[in-house]
Amino acid sequence: MCGIVGYVGYREAYPILIKGLHRLEYRGYDSAGLALVNGAGELNVHKCRGKVADLERFTEAKDISGHIGIAHTRWATHGAPNDVNAHPHYSESGSIALIHNGIIENYSVLKDALIQNGYTFKSSTDTEVLVQLIEYVKATNHCSLFEAVQSALKQVVGAYAIAVVEKGNQDEIIAARKSSPMVIGIGEGEYFLASDATPIVEYTDRVVYVNDGEIAVINRNQPLKVVSFDNVESQIDIRKLEMSISQLEKGGYPHFMLKEIHEQPRTIVDCIRGRISPNGDDVVLSGVIANKDKFLQARRIIFVACGTSWHAALIGEHLIEDMCRIPVEVEYASEFRYRNPVIEPGDVVVAVSQSGETADTLAAVELARAQGAFIFGICNVVGSSIARATDSGAYIHVGPEIGVASTKAFTGQVTVMTMIALTLAKEKGTISSERFAEVARGLLELPAKLEKVLGLDEEIRDLSKIFTYARNFIYLGRGYNYPAALEGALKLKEISYIHAEGYPAAEMKHGPIALIDSEMPVVVIATPDNIYEKTVSNIQEIKARGGKIIAVVAEGDTVVRGIADYCIEVPVAVECLMPLVASVPLQLLAYYIAVNKGRDVDQPRNLAKSVTVE
Ligand code: AGP
């Protein structure tokens, strides 16, 4: 979603802002812009619809000088994606410019009041209201920009991360956040500002995460100052950024998504490092061990998540119920937060989020906290809002995921959930030592198995050519593999724009089987498990109706090979780890179909990497 970059210091701001916007492109956006205060104190705002490259062309003959500036990529919410609605927005007099991530919910009331006071509006955004309000407050109270922002925000209802600069002020950016992330990088005589750390990492590893309800005064001549909306000064907590530039680049791959698919053997190693003993007889997840009583005494565990993270949670449900005999529910965070759910003290809520910034998941966490649940987070982005809002948690440690379609985060999430289930089952005594070791060793062997699956890259690329022009797809799986089927379908729709649905294989005959004809490709995960024969029967039912079957099977399978039109053979793992193995060829299949169709794989239309609005 929208991205923010800011700079104030001794260097030219423009190249830093543009590079920062490029780093944020992965979040998804439809217009871009920036505001700079030049050496004469003039405020120049440049913005246009399209990509950051369009903005660069647009600014070619313009004044882009200045050592201070703010920049933005916009993902349209209020108002169409066009030049006027792009950020920065500037005030009536043209003296204040502002960029904003989030939504101002009471913007129409504020707008009416400002119109009555003579203000006019150029855009149809909620953001323009805020910059006008700041100017109005500043003019009526004769106060500083900081005081005007502080006072204006008290009148605002909604979610926001904002950055504001002012004509005539070459030293200072005012920034603030509520429910939308913001991080400040601290250099020598310079500051960087961004909605996530990716634009900052090449300049400094010293960062401060702005908390909800805080305003930062970022002045190049002064130490960083952060205060609450009520003017209470906050302690500056400088953290070390654990991220490298190479993680943010494609490393020779044509797309981040392909790079991230191929990184999975390594990211699983990173995810389990130091957590599983070499012989597989012990698993240590400190966040779970430290809170084991809460988990073991839980009446039930409720997973809240969205999208791919929700699919991973479905596997988590299966793992925990199967191994630990604790009841588990899996909820879409977006539904959970609004449906007055029964949450009681003693419930454990597990929030799953790659970005750690998904607005619905964050709201679900806040709701669960208010009702007394213990909250555990499974996040990737260190220091993200959800990671910080939870009582405890386990990072998945798969490194920055830039492709909008989640791949390595999914396998990392399921790996962490497997380790959680093993840890709890051992504590509770609901798993035999043999099964424990079998699954733990299975995790240790997983990177090598994924490496083998990735060796199928070329074969899957060839297979994808047969289906480039398919209009629909069905994905089927049962048991542990059902969520992997859902995830395979989601990958395909996200990046190829082909309609795809995932179902539990046996559910087909209750309706969806009506869709089957010779035009319908059906991807079936048919790896060995206790219902393998039943899955084979489901495949027969589809075959009998002319469906084109692409089956993911175990190496050496002869039964399904005799029925399916195409087979992808993967190495066998313990049943509960099979969705990890089976999901990788489905990621590749979706990737290559999308590439064949010429889609923008890393930034598919209409999608955002972290969905920070509801
Ligand atoms: C995954 O491919 C999607 N882009 C999307 O469904 C994503 O998983 C969802 O928005 C949740 O994101 P999160 O894990 O960052 O919370």
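This one's a predicted model, so the numbers in the text were calculated from it and none came from an experiment. (Residues numbered from 1 in each chain as written. Predicted model: local features only at pLDDT ≥ 70, side-chain atom pairs only at ≥ 80, totals over all residues. Heavy atoms only, no water.)

## Focus on the site of the ligand
Near the ligand there are 15 residues, and of these Ser309, Ser353, Ser355, Thr358 and Glu494 occur at the shortest range. Within the backbone of Ser406, a nitrogen or oxygen atom sits 2.8 Å from an oxygen atom of the ligand. For the ligand, the accessible surface in isolation is 410 Å², of which the surrounding protein chains cover 91%. With respect to the pocket detection grid, the ligand is positioned in the second largest pocket. Taken together, the residues of the shell around the ligand break down into five nonpolar, eight polar and two charged. Taken together, domain 2 (258-451) and domain 3 (455-599) each give at least three residues to the shell around the ligand, which thus spans both. (Near = heavy atom within 4 Å. Polar contact = N/O pair within 3.5 Å; in protein donor to acceptor, adjacent residues only side chain to side chain. Areas by Shrake-Rupley, 256 points an atom, 1.4 Å probe, with all protein chains shown as cover. 1 Å grid on protein atoms, 1.4 Å probe; cavity = no way out; pocket = protein on both sides within 12 Å on 5 of 7 lines; lining within 4 Å. Sits in = over half its atoms within 2 Å of the grid points. Nonpolar A, V, L, I, M, F, W, Y, C, P; charged D, E, K, R; others polar. Domains from an automatic or database assignment.)

## Overview of the nonpolar core
Counting residues in hydrophobic clusters, the biggest one holds 97 residues, and the most contacted among them are Ile301, Phe303, Met323, Ile378, Phe473 and Tyr475. The element that contributes the greatest number of residues to this core is helix H19 (residues 578-596), accounting for 13 residues. Counting the residues that make up this core, at least three belong to each of domain 2 (258-451) and domain 3 (455-599). (Core = buried A, V, L, I, M, F, W, Y, C linked by side-chain atoms within 4.5 Å. Buried < 20%, exposed > 50% of the residue type's maximum accessible area, 1.4 Å probe, protein only. Helix = DSSP H or I, 4+ residues; strand = E, 2+ residues; numbered from the N terminus.)

## Section: the layout of surface pockets
Of the volumes computed, that of the largest pocket is approximately 720 Å³. Glu242, Met243, Asn380, Val381 and Val382 are the residues nearest the centre of the largest pocket, which is lined by 38 residues in total. Breaking the lining of the largest pocket down by element, the ones donating at least two residues are strand E14 (239-240), helix H7 (264-272) and helix H13 (385-389). Each residue belonging to the lining of the largest pocket can be placed in one class, and the counts come to 14 nonpolar, 12 polar and 12 charged. (Points joined across faces, edges and corners; volume = space filled by probe spheres on them.)

## Notes on the sheet that holds strand E8 (residues 172-178)
Spatially, six strands are ordered E5-E6-E7-E8-E12-E13 in an open sheet, and the strand pairing comes out antiparallel. Two strands in the sheet have a free side with no partner beyond their single neighbour: strand E5 (89-90) and strand E13 (225-228). Here E5 pairs with strand E6 (residues 96-104) via two bridges, running antiparallel. Of the residues in E6, the one forming a bridge with His89 is Leu98. Sheet contacts for helix H4 (residues 127-141): E5, E6 and strand E7 (158-166); angle to E6, the most-contacted strand, approximately 130°. Together, E6, E7, E8, strand E12 (214-219) and E13 form the strand contacts of helix H5 (residues 145-153), whose direction differs from that of E7 by roughly 160°. (Pairing = 2+ DSSP bridges. Contact = heavy atoms within 4.5 Å. Axes fitted to C-alpha atoms, helices over the stretch in contact; angles between N-to-C directions.)

## Some words on the pairing of strand E20 (residues 472-477)
Counting buried positions along E20 yields five of six residues, so the element is predominantly enclosed. Where E20 lies against strand E21 (residues 499-504), six bridges are found, and the strand directions are parallel. Following the sheet pairing, Phe473 is matched in E21 by Ala500.

## Some remarks on the domain arrangement of the protein chain
Annotation of the protein chain at the domain level lists domain 1 (3-246), domain 2 (258-451) and domain 3 (455-599). On a C-alpha basis, the centroid separation for the pair domain 1 and domain 3 is 45 Å.

## Here's the deal with the pairing of strand E17 (residues 348-353)
Of all six residues in E17, six are buried; the element is thus mostly enclosed. Where burial is concerned, the two faces of E17 agree: the one with Val348, Val350 and Val352 and the one with Val349, Ala351 and Ser353 are both buried. The pairing of strand E15 (residues 301-305) with E17 spans four bridges and is parallel. Across the sheet, Ile302 pairs through a bridge with Val349, a residue of E17. Here six bridges tie E17 to strand E18 (residues 374-379), and the two strands are oriented parallel to one another.

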